[in-house]
Amino acid sequence: MGRILAIDYGIKRTGIAVSDPERIIATGLGTVETPRLEAFLREYCRKEEVDVFVVGEARRLSGEWSESMRYIEPFVERLKVLFAGKPVERIDERFTSKMAFQAMIDGGLGKKQRRNKALIDQVSATIMLQDWMRRIEN
């Protein structure tokens, strides 16, 4: 069984998380500068078997798409072409940054570490992946 890879797409940088091959644990993989994202994904998928991509949908509190979706949608379409045949699932990413920040506080990270936006993006991707895995389990 292949891994599940979650993507918290951002204009400048993108947080990435991945499951273990048994799809039990979600782990932050890192943060990549968005212009380098597709090359990173190609290289990662050469080394590891990935069966499913999960991409966050940026939504407003009302549920409508946020302005960021104008960047996310073209990326999702490119992802479907780059990895033809692999499912690209979507998940609502509202509140993941706030949840990530709180998880960092709960984990005992200091103020300086909590200001690290790249780390917040990575933790956000991990939260998205955990949520998606929990949903498909039920």
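Higher on the page you've got the structure.
An account of the accompanying structure is given in this report.

Each value, and the rule that gives it
- Residues numbered from 1 in each chain as written.
- Predicted model: local features only at pLDDT ≥ 70, side-chain atom pairs only at ≥ 80, totals over all residues.
- Heavy atoms only, no water.
- Helix = DSSP H or I, 4+ residues; strand = E, 2+ residues; numbered from the N terminus.
- Contact = heavy atoms within 4.5 Å.
- Axes fitted to C-alpha atoms, helices over the stretch in contact; angles between N-to-C directions.
- Parallel < 35°, antiparallel > 145°, perpendicular 65-115°, else oblique.
- Left-handed = near helix turned anticlockwise from the far one by under 90°.
- Nonpolar A, V, L, I, M, F, W, Y, C, P; charged D, E, K, R; others polar.
- Core = buried A, V, L, I, M, F, W, Y, C linked by side-chain atoms within 4.5 Å.
- Buried < 20%, exposed > 50% of the residue type's maximum accessible area, 1.4 Å probe, protein only.
- Salt bridge = Lys/Arg side-chain N within 4 Å of Asp/Glu carboxyl O.
- Expected span 1.5 Å × (residues − 1).
- Arc of directions from axis to C-beta.

Considering the arrangement of structural elements, one finds S19 in strand β2 (residues 13–19). Contacts of S19, omitting those with residues within four sequence positions, involve R3, I4, I25, A26, L129 and M133.

Taken N-terminus to C-terminus, the directions of helix α1 (residues 37–47) and helix α2 (residues 69–82) make an angle of 30°; their axes are 12 Å apart at the nearest point. With respect to α2, the element α1 is oriented roughly parallel. Helix-helix and strand crossings are classified by hand; for α1 and α2 the assignment is right-handed. Residues L37, E38, L41 and R42 of α1 form the contact with α2, whose own contacting residues are F75, R78, L79 and L82. Of the residues contributing to the contact of α1 with α2, the split by class is five nonpolar, no polar and three charged.

Grouped together as the largest cluster of nonpolar side chains are 21 residues, with contacts concentrated most on L5, I7, L41, F53, V55, F75 and L79. When residues in this core are grouped by element, the largest group, five residues, is from α2. In this structure F75 touches I7, Y9, L37, E38, L41 and V55, once residues within four positions along its chain are discounted. Counting twelve residues, the second-largest nonpolar core is a separate cluster that includes I4, A26, M128 and M133.

By the definition in use, this model includes ten salt bridges. Across the pair R23 and D51 runs a salt bridge, and its minimum N-O distance is 3.0 Å. With R23 in the loop between β2 and β3 (26–33) and D51 in strand β4 (residues 50–57), this pair connects stretches of sequence that are 28 residues apart. Assessed through its relative accessible area of 23%, D51 is described here as partly exposed. The shortest N-O distance in the salt bridge between E38 and R78 comes to 2.4 Å. Of this pair, E38 sits in helix α1 while R78 sits in helix α2, placing them 40 residues apart in sequence. For R78, a relative accessible area of 35% translates into the label partly exposed. Residues joined by salt bridges that share partners form a network here, namely E43, R46 and K47.

Okay, α2 next. Over its 14 residues, α2 runs 19 Å from end to end, which matches the ideal 20 Å to within 8%, given 1.5 Å per residue. Within the sequence span of α2, burial applies to M69, I72, F75, V76 and L79. All buried residues of α2 project into a common sector of 120° when viewed along the axis, lining one side. Opposite its buried face, α2 presents the exposed residues R70 and V81, each directed more than 90 degrees away. Buried residues in α2 make contact with β1 (3–8), α1, β4 and β5 (88–92).

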